[in-house]
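# Summary of structural features
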Amino acid sequence: MLAARRTHSFTESVIREMTRIANQHEAVDLAQGFPDFPMPEPMKEAACAAIHGNINQYAVTWGSSALRIAIAEKYRRWYGMEVDHDREVTVTCGATEAMAAVFLALLDPGDEVIVLEPYYENYGPDAILAGAIPTFVPLERPHWTLDLDRLKKAFTKRTKAIILNTPHNPTGRVFTRAEMTAIAELCVRHDVWVITDEIYEHIRYAGEHHVMATWPEMRRRTITISGLSKTFSCTGWRLGYAIAPEAQTAAIRKVHDFLTVGAPAPLQAAGAVGMHFDPDYYNHLALDYRSRRTVLCDALTDAGFTFTQPEGAYYVLADFSGLSDMDDTKFARWMCEEVGVASVPGSSFYHDKSLGRTMVRFAFCKKYETLKRAADRLATVRATV
Ligand code: GLN
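First, a word on what this report is: a plain description of the structure on this page.

Cut-offs and rules
Residues numbered from 1 in each chain as written. Predicted model: local features only at pLDDT ≥ 70, side-chain atom pairs only at ≥ 80, totals over all residues. Heavy atoms only, no water. Buried < 20%, exposed > 50% of the residue type's maximum accessible area, 1.4 Å probe, protein only. Helix = DSSP H or I, 4+ residues; strand = E, 2+ residues; numbered from the N terminus. Pairing = 2+ DSSP bridges. Contact = heavy atoms within 4.5 Å. Axes fitted to C-alpha atoms, helices over the stretch in contact; angles between N-to-C directions. Core = buried A, V, L, I, M, F, W, Y, C linked by side-chain atoms within 4.5 Å.

### Considerations on the pairing of strand β8 (residues 222-227)
The buried count for β8 comes to 6 of 6 residues, which makes it a mostly enclosed element. Of the two faces of β8, both are covered, the one formed by Thr222, Thr224 and Ser226 as well as the one formed by Ile223, Ile225 and Gly227. Note: strand β7 (residues 193-197) against β8, 2 bridges, orientation parallel. Counted as the bridge partner of valine 194 is threonine 222 from β8.

### Points about the sheet that holds strand β10 (residues 315-319)
Taken in spatial order, the 3 strands line up as β10-β13-β12 in an open sheet, and their pairing is antiparallel. The open sheet has two edge strands with one neighbour each: β10 and β12 (344-345). Strand direction decides the pairing type here: β10 and strand β13 (residues 359-363), joined by 5 bridges, are antiparallel. Residue pairing across strands places valine 316 opposite phenylalanine 362, the latter belonging to β13. Sitting on the sheet, helix α10 (residues 279-303) is in contact with β10 and β13, with an inclination near 10 degrees to β10.

### As for the nonpolar core
Ranked by internal contacts, the top residues of the largest apolar core, which has 131 residues, are Leu151, Ile223, Phe305, Met335, Phe362 and Leu378. The element that contributes the greatest number of residues to this core is α10, accounting for 9 residues. When residues no more than four places from it in sequence are discounted, the contact partners of leucine 151 are Ile114, Leu116, Val137, Leu146, Ile162, Ile183 and Leu186.

### Side note on the pairing of strand β2 (residues 89-92)
Covered by surrounding structure in β2 are Val89 and Val91 together with Thr90 and Thr92, the residues of both alternating faces. The pairing of β2 with strand β9 (residues 240-243) spans 4 bridges and is classified as antiparallel. What sits directly across from threonine 90, in β9, is alanine 242.

### Remarks on unusual backbone geometry
Cis rather than trans, the peptide bond between glutamate 117 and proline 118 has omega equal to 10 degrees. Residue placement: proline 118 occurs in the loop between β3 (112-117) and α5 (123-130). Cis geometry is adopted by the peptide bond preceding proline 170, which originates at asparagine 169 and carries an omega value of 15 degrees. In this structure, proline 170 sits in the loop between β6 (159-165) and α7 (177-190). Positive phi, close to 65 degrees, is recorded for asparagine 54, a residue that is not glycine. With respect to the element layout, asparagine 54 can be found in the loop between α2 (41-52) and α3 (65-79).

Rendered as C-alpha cells:
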C-alpha cells in the first residue's frame, strides 16, 4: 500500500544523489552536469525586467509566442528547417519534461522504444511511466561505435520509437551523417518515431550537429527535443521544448498542459532574448568548453584513467580499472569521501549494470578553478587507492 507499482521499478536519480553526497563531504562536484559559472548577463537582465514588468502570470500553456517565434527562427537560421511556431512548438519545463510528455503523448503501453546505451538515466523511467518497454542497443567501447547490424536486429513489430541523443550523454559521441542516414532508413522502413535529445547541440569539439528532422522523409516522424539549459548555462530555469508535426504537437500540448500548465513566464521572456544571440556567442561557448575539456582530460590521464575524448557534450566517461578493482558505485563513493571529487557511477547509464562496473562519469561544465581543484585532488588517487 506504499506507492503505485509504476514507481517500484526505478530508483531516484543517481546523478542528483551524487550531488547530495558531494555536498555532504564537501567534494568537488563533477557529478551532476550543471555549470557553476554565471549565465549570460543580457538574459539575467531580461528576466529581472520581465519580473519588474509584472510578467507574473501563466504564459500561454504551450509557450509564450515570443519564445516560440525565437525557437522557430533559430531552426530556420541554423538548420534551414521551417518550423511553424503556432502549430509545431511546445515549450516545456526543461527538455526533461519535454521527453516525458512526448513519451506519454506518443507511446501506448507495450510499445517498444529503442535506447542506445550507455544512456542518460531519464529515458528508462520515462518509458516506465508511459508503460512502454525500453530495449537496448550498446554503443561499443572504446570509441562508442554504433553497430548498425545490432541496431537493425533491435527493431521488432512492436518498436514505436528510438531515442537519438546527439551529442551524447554520457559518452560524448556526436553521431555522423552516415549513422543518421542509417537510423533514418530503419525508421522509415519500420514506421518508427525518432525522439531526439539535442540539448548539447552547441557544445561540440568535432563533427557537425545533425538534426534528424531535416533528413528526407524524417520531418513527419521526428520529435526534436532541446532546450536552453546547457546552451545558456541556466539549468535551473527549466526551459525546454519539443518540435513535432501538428497532430503530435496537439497531443504533446495536452499532456504538457495537465502536467505543468507551463514553463515560468518571466524566464520564457528572457529565454527569447538568448535565442536571438548571434553566432559569436555559440562559437565562444564551444571554444570555451574545449579548453575546459582539456583541463579535465589531462588531469584524468595523469591520474591513470582511460577514456575516449568526447566529441561533444561536457562529460568524460572514464575507465578506472587500471587504478582499482572496486565496482563503480564503491569507487565513486570512495572518491567522493576520500579524494574529494564527485562523479557518477557508470552503471547508472546502463540497464545491464555490469557493463558500467569499471567506469565513472565526470562533468567539466565547471569554472577553471573548480576543475583545477579537482585536478589537484585526482592527482592523489593513485597513491591513496
Ligand atoms: N543532464 C545533466 C546530467 O546528466 C543533469 C541531470 C539532471 O540532474 N537533470 O548530469
